[in-house]
Amino acid sequence: MATKTNFGTYPVGNKDAIENFHGNQLVYIAWDDHLSVGPANVFPLPPEMPFGALISEVIPSITSFHPDFEKIDWDKVQWNLDGKTITPVADQSIADNGVSHKSLLRFKTPDLKGYQSTGN
Amino acid sequence: MAKKLNMRKRYELLTRGLGWEPTYQPKEKVFPQESYEGIKIVDWDKWEDPFRLTAEAYWKYQAEKDKKLYAIIDSFAQNNGHLNLTNASYINALKIFIQGVSPLEYGAHRGFANLARQFSGEGAQIACQMQSIDELRHVQTQIHTLSHYNKHFTGLHDPFHMHDRVWYLSVPKSYFDDARSAGPFEFMTSISFAFEYILTNLLFVPFMSGAAHNGDMATVTFGFSAQSDESRHMTLGLEIIKFIVEQHEDNLEIVQGWIDKHFWRAYRVLGLVSAMQDYMLPDSPMSWKEAWDIYFVDNCGALFKDLGRYGLRMPKFHEQATEESEHLSHQIYTVLYQFSHAAAFQTEVPSKEKMDWLSEKYPNTFDKYYRPRWEMYAQMEKEGKRYFNAGLPQVCQTCQVPMCFTDISKGNPMELSYRVSEFNGDKFHTCSDGCKSIFDHEPEKYAHAWIPPHQIFQGNCGGAEMPDVLKYYHFNEDDSGEYKGSADDNSWKAAHHNSNDDNDIKESA
């Protein structure tokens with residue numbers, strides 16, 4: 001059902017459309033079973049950024065404090081993009097790996113379940 | 001000489017007697033917002049104002065209350081009442097109040113002023129005018145009361161500016177803006193019924209009895225001064241719902257939809273109160289869960305049993321809110337803790353006594369899920385690495401709370417809850433079934449939401465670096481971060497250290 005208004009229709013377009021982010025797209029990133037990190041973090045990233053850079057630069061910027069971080073075996077990490085399992089290719093861009101504007105990228109480290117294995 | 005009129009007659013002449021039928025313009029043009037929401041009012045004269053207050057009587061009551069209140073505030077200031085608090089960390093609850101709640105009172109003032117103009121029934125116009133003035137009085141008394149604390153503590157200096165800009169304040173602001181940008185009947189259902197009737201105790205009891213338990217007699221006093229107004233507002237909230245539903249059978253479904261929506265919107269705002277109540281009060285009178293059980297599960301359960309005869313049922317997703325009640329404050333306070341470098345209040349890991357209290361109040365959840373988190377943060381702090389989140393959080397498109405909630409109703413208390421919708425070519429993320437269903441009903445509206453982290457990245461918040469954003473928020477250097485060693489903590493300790501010395505001197509003399 002369309003929103004009822006007394007002024008006609010809402011303006012066309014979304015406030016957070018990709019055009020408003022100066023060449024970047026928004027990407028939400030979360031590490032499952034590590035709630036001490038917090039909610040998913042949001043980053044403005046160039047779509048042409050290699051997926052490998054996301055692993056080596058972006059993700060550590062928010063997770064490297066965690067005692068589990070050092071123990072991550074990146075070959076074993078399970079990736080979930082917008083609800084679907086993916087196998088990313090590190091030297092391809094995030095866009096080519098299917099990461100689009102406002103995508104949610106979650107990763108799971110099957111052997112690491114947070115601080116004292118409590119999901120924190 | 002004419003005989004003196006009785007109250008009822010006077011009320012009739014001074015309210016209903018003030019109306020007239022327009023002749024220069026059609027009625028729909030004079031009251032342009034009254035019909036577009038689809039609500040059908042057949043007879044405005046059926047509106048019963050249970051208080052039958054005239055302007056004359058109103059001024060008299062309010063003047064009396066103000067006189068008492070200001071006498072107490074004056075003596076509180078003269079006696080340096082702020083030194084009798086349990087601890088300066090208590091002031092963080094007041095910061096949340098003046099930044100988050102007082103601007104809502106002002107929003108309510110403006111909203112009810114608009115309603116007084118938009119409703120064509122004179123009884124409703126007068127009731128809304130008085131509520132509008134009440135709300136303005138509340139915001140004034142709150143500012144006057146808390147201005148004493150502003151002389152001695154941080155974070156209280158510019159609440160209205162902050163309210164329009166700061167990330168955690170966009171939670172209460174966006175809720176009120178949502179209601180104020182809707183039509184008059186939806187605003188009324190939202191603010192008078194969902195907020196002021198169903199949930200008001202969950203807002204005011206924690207703040208006011210929290211104030212009483214922590215030696216803040218000034219706040220208790222403005223709470224009392226507002227209480228008789230609030231009970232008038234609550235009665236109005238209930239009457240309006242009954243009135244609308246009784247006017248036309250088509251109104252029921254629309255009103256129920258608004259109750260569902262605004263219950264969930266208002267409940268999400270109260271998440272901030274839950275964190276304040278369980279974590280920020282040095283001495284908590286009751287836990288969020290206890291308050292929820294009394295004021296929502298018991299009281300609102302009984303209320304909706306009564307409303308059943310009007311065809312109304314409990315708000316949608318209320319079961320999920322109840323399931324969350326053992327988790328809510330812990331999840332929200334985690335966010336406040338890890339982002340308090342960008343907040344105008346300070347946070348700290350709960351003390352050992354506080355953690356034991358939380359274990360006792362939350363036997364099913366605290367030790368299992370949340371104590372380990374605080375122990376981890378405490379360990380980091382001990383190593384000189386106090387945890388602050390280094391990025392910006394994902395925020396729910398509807399309620400604007402950082403997406404810290406977990407899928408409790410699906411049996412996954414340690415898995416974040418993600419919902420997503422597609423609209424107009426973009427993805428929109430929400431934190432819960434409640435927020436997703438609100439988004440999906442009016443996506444045209446929420447696609448325009450001012451989401452604070454996204455606004456920062458668009459370059460609309462003073463700059464790209466954190467100090468630029470904090471400047472745009474009008475924060476001062478001492479407002480944010482860890483409580484221990486903060487300006488408030490230090491000045492509190494200094495003041496109490498000195499007063500102990502004074503006592504020592506007196507005793508030895």
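**Student:** I'm lost on the overall build of chain B in this one. Help?
**Tutor:** Counting its regular elements, chain B contains 21 helices and five strands. Counting over 509 residues, chain B shows a buried share of 49%. Across chain B, the fraction of contacts at a sequence separation of at least 24, relative to all contacts at a separation of at least 6, is 78%.

**Student:** Is there a simple way to explain the overall build of chain A in this structure?
**Tutor:** Across its full length, chain A holds one helix and five strands. Taking 2.2 N^0.38 as the reference for a compact globule, 120 residues should give roughly 14 Å; the C-alpha atoms of chain A span a radius of gyration of 17 Å, well beyond that estimate. In terms of its C-alpha atoms, chain A occupies a principal-axis envelope of roughly 55 × 35 × 25 Å. Evaluated residue by residue, chain A yields a buried proportion of 32% over its 120 residues. Counted over contacts in chain A with a minimum sequence separation of 6, partners at least 24 positions apart contribute 65%.

**Student:** Quick question: what am I supposed to make of the packing of helix H9 (residues 200–213) of chain B against helix H12 (residues 288–307) of chain B here?
**Tutor:** The geometry of a pair of packed helices is captured by two quantities: the angle between their axes and the separation between those axes. All names here are of chain B. Two elements in contact, H9 and H12, have axes separated by 9 Å at closest approach and are oriented at 140 degrees. Considering their axes alone, H9 and H12 lie oblique with respect to each other. Note that H9 runs across H12; the crossing there is right-handed. Residues Asn 201, Leu 202, Val 205 and Pro 206 of H9 pack against Ala 291, Trp 292, Tyr 295 and Phe 296 of H12.

**Student:** Hey, could you run me through H9(B) in this one?
**Tutor:** Every α-helix carries 3.6 residues per turn, so stepping three or four residues along brings you back to the same face. Residues and elements named next belong to chain B. Taking 1.5 Å of rise per residue, the 14 residues of H9 would be expected to cover 20 Å, and the 19 Å separating its terminal C-alpha atoms lies within 8% of that figure. Of all the residues in H9, the buried ones are Leu 202, Leu 203, Pro 206, Phe 207, Met 208, Gly 210 and Ala 211. Phi turns positive, to about 80 degrees, at Gly 215, one or two residues after H9.

**Student:** Would you take a moment to explain the interface of chain B and chain A for this structure?
**Tutor:** It is common to give the size of an interface as the accessible area that goes away when the parts come together. If you look at the interface, chain B gives 43 residues, while chain A gives 36 residues. If you list the elements that add at least two residues to the side of chain B that touches chain A, you get helix H14 (328–338), helix H16 (366–382), strand S1 (392–393), strand S3 (412–416), strand S5 (426–430), helix H18 (443–446) and helix H19 (452–458) of chain B. Two elements, strand S2 (residues 41–45) of chain A and S1(B), share two bridges in a ladder whose sense is antiparallel. The partner of Val42(A) across the bridge, within S1(B), is Leu392(B).

**Student:** Just to check I follow, could you spell out the sheet that holds strand S3 (residues 78–81) of chain A for this structure?
**Tutor:** Within a sheet, adjacent strands bond to each other through the backbone by hydrogen bonds, running parallel or antiparallel. The sheet built from six strands is open, its strands ordered S4(A)-S3(A)-S5(A)-S1(A)-S2(A)-S1(B) with mixed pairing. Each edge of the sheet is formed by a strand with only one pairing partner; in this case those strands are strand S4 (84–86) of chain A together with S1 of chain B. The pairing of S3(A) with strand S5 (residues 103–108) of chain A spans four bridges and is antiparallel. For Asn80(A), the partnering residue across the bridge sits in S5(A) and is Arg106(A).

**Student:** What am I meant to see in the pairing of strand S1 (residues 25–31) of chain A here?
**Tutor:** Side chains on a regular strand alternate between the two faces of the sheet. Residues and elements named next belong to chain A. Taking burial as the measure, the seven residues of S1 include six buried ones, the bulk of the element. As paired elements, S1 and S2 share five bridges and run antiparallel to each other. Paired with Leu 26 across the strands is Pro 44, a residue of S2. Looking at chain direction, S1 and S5 are connected through five bridges and run parallel. Bridge pairing in S5 places Trp 31 opposite Phe 107.

**Student:** Just checking my understanding: could you explain unusual backbone geometry for this structure?
**Tutor:** Most peptide bonds take the trans configuration, and most residues that are not glycine carry a negative phi. Residue and element names in this part refer to chain A. Even without glycine at this site, Asp 33 takes up a positive phi of about 65 degrees. Tracing the backbone through its elements, the reader meets Asp 33 in the loop between S1 and S2. At Gln 116, a position not held by glycine, the phi torsion is positive, near 50 degrees. Among the structural elements, Gln 116 can be located in the segment after S5.

What counts, and at which threshold
Residues numbered from 1 in each chain as written. Chains lettered and ligands numbered in written order. Predicted model: local features only at pLDDT ≥ 70, side-chain atom pairs only at ≥ 80, totals over all residues. Helix = DSSP H or I, 4+ residues; strand = E, 2+ residues; numbered from the N terminus. Buried ≥ 20, exposed ≤ 12 C-beta atoms within 10 Å, placed from the backbone. Contact = placed C-beta atoms within 7 Å. Rg over C-alpha atoms; globule rule 2.2 N^0.38 Å. Axes fitted to C-alpha atoms, helices over the stretch in contact; angles between N-to-C directions. Parallel < 35°, antiparallel > 145°, perpendicular 65-115°, else oblique. Left-handed = near helix turned anticlockwise from the far one by under 90°. Expected span 1.5 Å × (residues − 1). Pairing = 2+ DSSP bridges.

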